[in-house]
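Summary of structural features
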Amino acid sequence: MKKLLAGTALALIAMTGAASAQSAEGMTTCLITKTDTNPFFVKMKEGAEAAAEELGMTLNSFAGTVDGDNETQVAAIETCIADGAKGILIAASDTSAIVDSVQKARDAGILVIALDTPLTPADAADATFATDNFAAGLLIGQWAAGTLGDDAANAKIAMLDLAVSQPTVDVLRDQGFLQGFGIELGDANVIGDEEDPRIVGNDVTSGNEEGGRTAMENLLAVDPEINVVYTINEPAAAGAYEALRAVGRENDVLIVSVDGGCPGVQNVAEGVIGATSQQYPLEMARLGVQAIAAFAADGTLPQPTEGKDFFDTGVKLITDAPVDGVESITSAEGTDLCWG
Amino acid sequence: MEPILKGRNLVKRYGKVTALDHCDFDLYPGEILAVIGDNGAGKSSLIKAVSGAVIPDEGEIYLDGKQIAFKSPIEARDAGIETVYQTLAMSPALSIADNMFMGRELRKPGFRGKWLRQLDRAAMEKFARDKLTELGLMTIQNINQAVETLSGGQRQGVAVARAAAFGSKVIILDEPTAALGVKESRKVLELIQDVRSRGVPIILISHNMPHVFEVADRIHVHRLGKRLCVIDPKKHSMSDAVGYMTGAKVPEPDPEMA
Amino acid sequence: MTSQSDDFESVVKVKREEAIAEFHDDHKGFVKKLQHALHVTPSLVPLIVLVLSIGVFGALLGEKFFSASSMTLVLQQVQLVGIVAAAQSLIILTAGIDLSVGAIMVMSSVVMGQFTFRYGIPVEVSVACGLIVGTALGAVNGWLVAKMKLPPFIVTLGTWQIILAANFLYSANETIRSQDIRDNAPLLQVFGTTFKIGADEAGQGGATLTVGVIFMLVLVAVLAYVLRQTAFGRHIYAVGDDPEAAKLSGVNVDRVLIAVYALTGLICAFAGWALIGRIGSVSPTSGQEANIQSITAVVIGGISLFGGRGSIMGALFGAMIVGVFTLGLRLAGADAQWTYLFIGALIIAAVAVDQWIRKVSA
């Protein structure tokens, strides 16, 4: 149902985008991403470029040097204001610190859309186009519980999170997974406060292979009988798999993840990862550019997905071992949609 | 007698400043030659020119009658001219033996030396110990102790011993007693005479007139970028020397000393 | 003459003894002796800290921590930092610092992977190319430091970013998957080969060593030999201690510096090879923190950031201390933040000890 709604909204936006194509011609739009090295943002940029070209708009791209680089993003916003841009699409590195600059841009009559990462507070931007990370976690949690069946009651779960600072995306995916698995949450804004004995422990991975492997080894030392591994993203999952392979456990542990990058989807196809929730950066950027075109044409503001405070750009579960009651697509279908 | 080290018409300019102005220089075998001069007279440029630290713009330098042109202190050292710098040029954290052999380490014979590049520590330590004993410096207990654990006089002693051990032709000492107390200066002066008694000539740069007059055989007075005169410490007083240095007094020509 | 001079010394000594009360002297004697022992053997402090921390965590956690499998797991987890820290030690001994070590490591691993998979070059040749690239990048650092007389911090701050950017541009941030490497170029993962000693029938427990761990230990042993037993090693210390003095003593300071930076680049390239063994894949986003982690290990290992002091064993112990704390605190169920807190405290303590040791006198 939810998906259907999202789909309808997509179609609506796409139509308004097409309708306003004429009037947006020659206008400038800015895209500001966290880095231009992460394939997720590379794909986002591709989507924005394609959409801008289709609408005859000029796209100026900016990116921070590293994730967390607020300064460069502030400078980018200032450049966009000076440039007379109609809209800014931003994946903010520091969701609070950027707010003042965003306000300046809005005061200058620019439509600001937060991509992928909501600002703090979320209404600091005119709209947010993002993956529902809680839903992404929920899907893999439900899939893992469904795959284990009755054994889910005795599962031993390792939680491989992102960073000690617990950024929003980290919390949402983690808590979504636990809820989907059927574990009672503590404070839904905090990682690691659950009392359920099935959770062996949490560790941080920095979202890369080395971190994933080390964290997995640590938790295996706590309890060598772990049989479910949640990972923040697919590189961390690949690292965890190496750690499991080193102790000969790679075939009897379920690994679930979030992202849907091409190497990750291929890992699903080869059974390294049991299931992953795929997000759609290209779609995010394309819809963002179209929304700006619509706004430039007749002042139409983008509307959030019904029941949410942001525009959900969709998420799909990818697995080759589907579970009843959890909608999913195969890795082959996922490969067509993957990024990076 | 031929000088062992001879400089003729040495010129060194730094921009518009002429540090050496057609300067001559002679060091005879077996002597201690003191070089004195006011600050800025150019004596350190002179010393750097003969020790390879500075390349003169004009003029010739002869060692043992052969003309030489050093491009670096290393070349001068290889030719047998050792310099003890005022800073001593030692690595404080390294041992006495390490410092004595810095840049000219001995390797073990055979496979371990040739292929594993292994140092012959035993030989280097024995050599260092022997040299220090020869010069009466064996109040130093442990040849492997770090140089920074030594007193100022002991460090100076090690530096002089290093120069004496390797300086086959000439040893240059730059202000060896400047940073030392009375007792330690005493000891270093004895060390200097001890080294001279082995037949190696010494160039001593110093501001300390009593020290200069105590040990020097001849005194080269440097003024305005050139050799003003060479005096015999037995025939002149310290106040004469200071007078020549500062220009307050004009020296009588003394053909014997030049 | 000689005996007379000895008298001067003895006069001074006698007087000093008179001036100081005897029991006071004894007390000072112990602290002084300790200070002296640490001065002579600088890796003693991190070794003591390492043994103590293993003891404390062993007592707290029992078998779970104090077992062959956990102890060797620490070695596996610190192998990359250990290898890079060994390289970093050489640089820091020359009173330099290298912020580009992690970037060189990743770049080398990317070259090894991309040359094999993108261009179809035989894997042995690609590995050699990766090692050459690492060495060359290090040599560039060394040339800028030695010949252009630029401060190492600035040089490597620059090359760090240049190499990382080049790495991302060249690789397009493309990960080469573990499975593809295993099927087509297993040589790239050779550092991940494991040996189990004393495992049970299911292959669980017991000590687990990898080629990477053995490489790290052999590397440290070889570098310890080079530093202690060869002229090149002594020159590294002399350059770090006082480059001017080293130059005047006849050390070719520039050549030593370039050689050290190039050697560091080569070791980092080996670390890049070991990185592939460790994570299975070739991932351009790895190793971003290797510079800070290696400097941390070196500092905790008692190597002075001012150069010329410390032993490379210390860097290995430093890396292992970090590993023991990380694993120990995880097993104790502590939050990951505690690890950072303890490591931070250790860094400051290590530098304080270094300053104290430096005050040693005869």
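Residues numbered from 1 in each chain as written. Chains lettered and ligands numbered in written order. Predicted model: local features only at pLDDT ≥ 70, side-chain atom pairs only at ≥ 80, totals over all residues.

Here is the rule we go by: UniProt positions are given in the numbering used here, feature names are shortened, and annotations may be inferred rather than shown by experiment.
Where an unreviewed UniProt entry is consulted, chain A appears under the name Mannose-binding protein/fructose-binding protein/ribose-binding protein, with the organism given as Loktanella fryxellensis. As its UniProt record puts it under Subcellular location (unreviewed entry), chain A is described as follows: "Cell envelope". What UniProt states about chain A under its Sequence similarities (unreviewed entry) heading is, verbatim, "Belongs to the bacterial solute-binding protein 2 family."

1. A word on the overall build of chain B
For clarity, the cut-off: Helix and strand assignments follow DSSP, with helices taken as H or I runs no shorter than four residues and strands as E runs no shorter than two, numbered in order from the N terminus. In this description the radius of gyration comes from C-alpha coordinates, and the expected globular size is given by 2.2 Å times residues to the power 0.38. Here exposure depends only on C-beta density: within 10 Å of a residue's C-beta, 20 or more other C-beta atoms make it buried, 12 or fewer make it exposed, and intermediate numbers make it partly exposed, the C-beta atoms being placed from the backbone.
The number of helices and strands found in chain B is 9 helices and 10 strands. For 258 residues, the compact-globule estimate of 2.2 N^0.38 gives 18 Å, and the C-alpha radius of gyration of chain B, at 19 Å, lies within 12% of that figure. Taking the principal axes of its C-alpha atoms as reference, chain B extends roughly 60 × 40 × 35 Å. By residue count, 45% of the 258 residues in chain B fall in the buried class.

2. With respect to the overall build of chain A
The line we're drawing: Any two residues are considered in contact once their C-beta atoms, placed from the backbone, lie within 7 Å.
Secondary structure assignment for chain A yields 12 helices and 12 strands. A compact globule built from 340 residues would reach a C-alpha radius of gyration of about 20 Å, and chain A, at 20 Å, matches this within 12%. If one aligns the C-alpha atoms of chain A with their principal axes, the spans along those axes are about 60 × 40 × 30 Å. Residues counted as buried form 59% of the 340 residues belonging to chain A. Within chain A, contacts between residues at least 6 apart in sequence are counted, and of these 72% link residues at least 24 apart.

3. A look at the domain arrangement of chain A
Residue and element names in this part refer to chain A. How we decide: Domain delimitation in this document rests on an assignment produced automatically or drawn from a domain database. Each residue gets one of three labels, nonpolar for Ala, Val, Leu, Ile, Met, Phe, Trp, Tyr, Cys and Pro, charged for Asp, Glu, Lys and Arg, and polar for the others, Gly among them.
Its domain assignment divides chain A into domain 1 (2-131 + 280-309) and domain 2 (133-279 + 316-337). If you average the C-alpha positions of domain 1 and of domain 2, the two centres end up 30 Å apart. Contacts between domain 1 and domain 2 engage 6 residues on the former and 6 residues on the latter. Grouping the amino acids of the side of domain 1 that touches domain 2 by side-chain chemistry returns 4 nonpolar, 2 polar and no charged.

4. Structural notes on the sheet that holds strand 3 (residues 32-37) of chain B
Residues and elements named next belong to chain B. Which entries qualify depends on this criterion: A pair of strands is labelled paired if DSSP reports no fewer than 2 bridges between them. Comment: axis = line fitted to C-alpha atoms, over the contacting stretch for helices; angle = value between 0 and 180 degrees taken between N-to-C directions.
Spatially, 6 strands are ordered 6-7-8-3-9-10 in an open sheet, and the strand pairing comes out mixed. This sheet does not close on itself; its edge strands, each paired only once, are strand 6 (81-84) and strand 10 (226-231). On average, each strand axis in the sheet is tilted by 20° relative to the strand beside it, whichever way the strands run. Taken together, the 4 bridges between strand 6 and strand 7 (residues 170-174) define a ladder with parallel strand orientation. Directly across from Thr 83, in strand 7, lies its bridge partner Ile 172.

5. Examining the interface of chain C and chain B
Taken together, the 26 residues of chain C in the interface contact 29 residues of chain B. The leading source of residues in the side of chain C that touches chain B is helix 1 (residues 2-19) of chain C, at 6 residues. Across the side of chain C that touches chain B, the residue classes break down as 12 nonpolar, 8 polar and 6 charged.

6. What about the arrangement of the chains?
The assembly contains 2 pairs of chains in contact; the pair sharing the most contacts is chains B and C. Chain A makes no contact with chain B; the smallest distance between any of their C-alpha atoms is 36 Å.

7. A few points about the sheet that holds strand 1 (residues 5-14) of chain B
All names here are of chain B. A sheet is described by the order of its strands in space; here 4 strands give the open sequence 2-1-4-5, paired in antiparallel fashion. Looking at which strands have only one partner, the edges of the open sheet turn out to be strand 2 (17-27) and strand 5 (66-68). Pairwise comparison of adjacent strand axes, ignoring direction, gives a mean angle of 30° for this sheet. The sheet strands contacting helix 1 (residues 43-51) are strand 1, strand 2 and strand 4 (58-63), and the helix crosses strand 2 at an angle near 60°.

8. A closer look at the nonpolar core
Inclusion rule: Definition of nonpolar core: a set of buried Ala, Val, Leu, Ile, Met, Phe, Trp, Tyr and Cys residues joined via C-beta atoms within 7 Å.
Within the largest apolar cluster, 292 residues are counted, with the highest numbers of intra-cluster contacts made by Ile88(A), Leu115(A), Ile203(B), Leu204(B), Ile83(C) and Val84(C). At 18 residues, the largest contribution of residues to this core is made by helix 12 (residues 253-279) of chain C. Two domains each donate at least three residues to this core, and these are domain 1 (2-131 + 280-309) and domain 2 (133-279 + 316-337) of chain A.

9. Observations regarding the packing of helix 8 (residues 209-222) of chain A against helix 14 (residues 312-331) of chain C
Heads up, the rule is: Under this scheme an angle from 65 to 115 degrees is roughly perpendicular, one under 35 degrees roughly parallel, and one over 145 degrees roughly antiparallel; angles in between are oblique. A crossing counts as left-handed when the near helix is turned anticlockwise from the far one by less than a right angle, and as right-handed when that turn is clockwise.
Helix 14 of chain C packs onto helix 8 of chain A with a crossing angle of 50° between their chain directions and a minimal axis gap of 9 Å. Comparing the axis directions of helix 8 of chain A and helix 14 of chain C gives the class oblique. Read as a crossing pair, helix 8 of chain A and helix 14 of chain C show a hand that is right-handed. Listed contacts from helix 14 of chain C to Asn218(A), Ala221(A) and Val222(A) of helix 8 of chain A are Leu327(C), Arg330(C) and Leu331(C).

10. Overview of helix 10 (residues 262-269) of chain A
Residue and element names in this part refer to chain A. The buried fraction of helix 10 amounts to 6 of the 8 residues, a majority that puts the element mostly inside the structure. Buried within helix 10 are the following residues: Cys 262, Pro 263, Gly 264, Val 265, Asn 267 and Val 268. Looking at the buried side of helix 10, the elements it contacts are helix 9 (234-246), strand 9 (254-259), strand 10 (275-279), strand 12 (315-318) and helix 12 (331-337). Trailing helix 10 by a residue or two, Gly 271 shows a phi angle of about 80°, which is positive.

11. Some remarks on the interface of chain C and chain A
Every contact between the two is made by 26 residues of chain C and, on the other side, 29 residues of chain A. For the side of chain C that touches chain A, the secondary structure elements donating two or more residues are helix 4 (68-93), helix 8 (178-184), helix 12, helix 14 and helix 15 (336-358) of chain C. Within the side of chain C that touches chain A, the residues separate by chemical class into 6 nonpolar, 16 polar and 4 charged.

12. Examining the UniProt feature "domain: Periplasmic binding protein" (unreviewed entry) in chain A
UniProt tags residues 31-296 of chain A as "domain: Periplasmic binding protein" (unreviewed entry). Spanning residues 31-296 of chain A, this segment combines 45% helix with 18% strand, and its end C-alpha atoms are found 16 Å apart.

13. Looking at the pairing of strand 9 (residues 218-223) of chain B
Taken residue by residue, a regular strand's side chains alternate between the two faces of the sheet. Residue and element names in this part refer to chain B. Across 5 bridges, strand 3 lies against strand 9 in parallel orientation. Note on strand 9: the bridge partner recorded for Val 35 is His 220. Pairing of strand 9 with strand 10 involves 5 bridges; the strand directions are antiparallel. Counted as the bridge partner of His 222 is Arg 227 from strand 10. Between strand 9 and strand 10, which pair antiparallel in sequence order, lie 2 residues; one of them, Leu 224, sits at a positive phi of approximately 50°.

14. A short note on the environment of Met44(A)
All names here are of chain A. Within the fold, Met 44 resides in helix 3 (residues 39-55). For Met 44, a count of 29 C-beta atoms within 10 Å translates into the label buried. In sequence terms Met 44 and Asp 116 are 72 residues apart; their C-alpha atoms lie 9.6 Å from each other. Excluding anything up to four places from it in sequence, Met 44 contacts Thr 33, Leu 115, Pro 281, Leu 282, Met 284 and Ala 285.

15. A few points about the environment of Phe311(A)
Along the chain, Phe311(A) turns up in strand 11 (residues 311-312). Setting aside its immediate chain neighbours within four residues, Phe311(A) contacts Ala127(A), Thr128(A), Phe129(A), Pro302(A), Pro304(A) and Thr305(A).

16. Examining the packing of helix 8 of chain A against helix 9 of chain A
Residue and element names in this part refer to chain A. Relative to each other, helix 8 and helix 9 sit at 45°, their axes nearing to 6 Å. On the basis of their axis angle, the class for helix 8 and helix 9 is oblique. Here helix 8 and helix 9 pass one another in a crossing that is right-handed. Within the contact between the two elements, helix 8 uses Glu 209, Glu 210, Gly 211, Gly 212, Arg 213, Met 216, Glu 217 and Leu 220 and helix 9 uses Pro 235, Ala 236, Ala 237, Ala 238, Gly 239, Ala 240, Glu 242, Ala 243 and Leu 244. Within the contact of helix 8 with helix 9, the residues separate by chemical class into 9 nonpolar, 3 polar and 5 charged.

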